[in-house]
Amino acid sequence: MVALTGAGVSAESGVPTFRGPEGLWRSFRPSELATPEAFRRDPALVWEWYDWRRQQIAACQPNPAHQVLAEMERAIPDFTLITQNVDGLHQAAGSRKVLELHGNIWRVRCTACGWKGEDRRVPLPEIPPRCRCGGLLRPDVIWFGEALPSKVLEAAWTAASRCQVMLVIGTSAVVQPAASLPIVAKRNGAYLIEVNPAETPITPFADEHLRGPAGKVLPRWWARHLPAE
Ligand code: BJW
Ligand code: ZN
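Our subject in this report is the structure included herewith. For clarity, every value in this text was computed on a predicted model and none was experimentally measured.

One pass over the structure, following the stated rule, counts 11 salt bridges. Salt-bridge contacts for aspartate 140 lead to lysine 116; the nearest nitrogen and oxygen are separated by 3.5 Å. Placement of aspartate 140 in strand β6 (residues 137–141) and of lysine 116 in strand β5 (residues 116–118) is noted, with a sequence separation of 24 residues between them. With a relative accessible area of 6%, aspartate 140 lands in the buried category. Residue classification places lysine 116 among the partly exposed positions, given a relative accessible area of 47%. Among the salt bridges present, the one from glutamate 118 reaches arginine 120, with a minimum N-O distance of 3.5 Å. For glutamate 118, a relative accessible area of 58% puts it in the exposed group. Overlapping salt bridges bring together Glu100, Arg107, Arg109, Lys116 and Asp140 as one network.

Okay, here's the thing in structure tokens:
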């Protein structure tokens, strides 16, 4: 079993989604904040935005959807959680193995020496933050036009092509290559269940569409499908 999550799974925790009426992209232009070009042009501006989002996320707790996914990992022997989210809320809920396709907002990476590490300070004391080597640090997330971490993508692709059931939760399924994973699963015979209050490009391929907020819908679904003791 595979679960693929997107920003919608964290919406009920208070983390803004990207698209939709209250999404981040209503107020901010992706090309000015979430591309390598934007960072080269104005690292301080990009870091101001990430520092603000880190402060928002730091105040958020996992919700019942994150918790149920952590329970699924404990209950189902072959379970893979793939997330597009960078907020770390799956790990905070107790999920141990999380394939993070788009990185993690709590990690930084040096643009000069390649050093990577965790930095959970909010707000950051210095913007833009610098590495010990003097190089500019960047958030260790994947921006538009950047390749996804190859090992993580490979593991996600393999899991998607082998799974019998895929849950697709809280993603608008428009950002590639993540949006192809449900199609890969379906093409290989998986049963596709979508959890989302809205329709997405995946809906026509889904065997079931559980319409509603993940924090309500997923615990109910799980209660009905709990594996026997
Ligand atoms: C609820 C809910 C509730 C609300 N319960 N649900 C092929 C075709 C066209 C374009 C491309 C293509 N291949 C690549 C591209 C370009 C691009 C792309 O896909 N663009 C499209 C937008 C057109 N892709 C890329 O650039 C990727 N890189 C790449 O392909 O590289 C190729 C390459 C190879 C080799 C060398 C070099 C390059 C990288 C994509 C990186 C995405 N990055 C971001 C930012 C991450 C860092 C950060 O957080 O700042 O990732 S963008 C943003 O979108 C973020 C998300 O992870 C991602 C997906 O969003 P998600 O999770 O789906 O959220 P929303 O907001 O869109 O949807 C929320 C959903 O929740 C909605 O459906 C709601 O209804 C629902 N919801 N409340 C359940 N309570
Ligand atoms: Zn460095």
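On to the coordination of the zinc ion (ligand 2). Those protein atoms acting as donors to the zinc ion (ligand 2) are Cys110 (SG), Cys113 (SG), Cys131 (SG) and Cys133 (SG), and they sit at 2.3 Å. For the zinc ion (ligand 2), the 4 donor atoms in the first shell make angles of 103 to 117 degrees at the metal, so the coordination geometry reads as tetrahedral. The exposure class of cysteine 113 is partly exposed, given its relative accessible area of 48%.

It is worth spelling out the side chain of arginine 54 at this point. Counting through the fold element by element, arginine 54 comes out in helix α5 (residues 43–58). For the buried arginine 54, which has no salt bridge, the nearest side chain bearing the opposite charge is aspartate 119, at an N-O separation of 4.0 Å. Arginine 54 has contacts with Trp47, Ile105, Trp106, Asp119, Arg120, Arg121, Val122 and Leu124, leaving out every residue within four places of it along the chain.

Now for the site of ligand 1. Neighbouring ligand 1 are 33 residues, the closest being Arg19, Tyr50, Arg53, Thr171 and Ser172. Between a nitrogen atom of ligand 1 and a main-chain N or O atom of glutamate 146, the distance comes to 2.8 Å. One of the backbone nitrogen or oxygen atoms of glutamine 176 is found 2.7 Å away from an oxygen atom of ligand 1. Burial of ligand 1 by the protein amounts to 72% of the accessible area it has alone, namely 1500 Å². Every element with two or more residues in the shell around ligand 1 is listed here: α1 (8–11) and α5. By residue class, the composition of the shell around ligand 1 is 18 nonpolar, 11 polar and 4 charged.

One can find isoleucine 183 in helix α9 (residues 181–187). Spatially, the C-alpha atoms of isoleucine 183 and alanine 228 are 30 Å apart, while their sequence positions differ by 45 residues. With near-sequence residues (within four places) excluded, isoleucine 183 lies in contact with Ile202 and Phe205.

With parallel pairing, 6 strands are arranged side by side in an open sheet as β3-β2-β1-β7-β8-β9. The sheet terminates laterally at β3 (98–100) and β9 (208–210), the two strands that pair on one side only. Between one strand axis and the next, the sheet turns by 20 degrees as a mean value, whatever way the strands run. Summarising the sheet, strand β2 (residues 80–83) and β3 pair through 3 bridges and their orientation is parallel. Considered in β3, the bridge of isoleucine 82 is made with leucine 99. The strands touched by helix α8 (residues 150–162) within the sheet are β1 (2–5), β2, β3 and β7 (165–169), with β3 carrying the most contacts at an inclination of about 120 degrees.

For the pair helix α6 (residues 64–75) and helix α10 (residues 214–225), interaxial distance at closest approach is 7 Å and the crossing angle is 30 degrees. Classified by the angle their axes make, α6 and α10 are roughly parallel. Seen from above, α6 lies across α10 with left-handed handedness. Of the residues in α10, those touching α6 at Pro64, Ala65, Val68, Leu69, Glu71, Met72 and Ala75 are Ala214, Gly215, Leu218, Pro219, Trp221 and Trp222. Split by residue class, the contact of α6 with α10 holds 11 nonpolar, 1 polar and 1 charged.

Quick notes on the rules
Residues numbered from 1 in each chain as written. Chains lettered and ligands numbered in written order. Predicted model: local features only at pLDDT ≥ 70, side-chain atom pairs only at ≥ 80, totals over all residues. Heavy atoms only, no water. Salt bridge = Lys/Arg side-chain N within 4 Å of Asp/Glu carboxyl O. Helix = DSSP H or I, 4+ residues; strand = E, 2+ residues; numbered from the N terminus. Buried < 20%, exposed > 50% of the residue type's maximum accessible area, 1.4 Å probe, protein only. Donors = N, O, S within 2.8 Å, 3.2 Å for Na, K, Ca; no water. Tetrahedral: all angles 85-135°; square planar, octahedral: opposite > 155°, others 65-115°. Lys, Arg positive; Asp, Glu negative; His and termini not counted. Contact = heavy atoms within 4.5 Å. Near = heavy atom within 4 Å. Polar contact = N/O pair within 3.5 Å; in protein donor to acceptor, adjacent residues only side chain to side chain. Areas by Shrake-Rupley, 256 points an atom, 1.4 Å probe, with all protein chains shown as cover. Nonpolar A, V, L, I, M, F, W, Y, C, P; charged D, E, K, R; others polar. Pairing = 2+ DSSP bridges. Axes fitted to C-alpha atoms, helices over the stretch in contact; angles between N-to-C directions. Parallel < 35°, antiparallel > 145°, perpendicular 65-115°, else oblique. Left-handed = near helix turned anticlockwise from the far one by under 90°.

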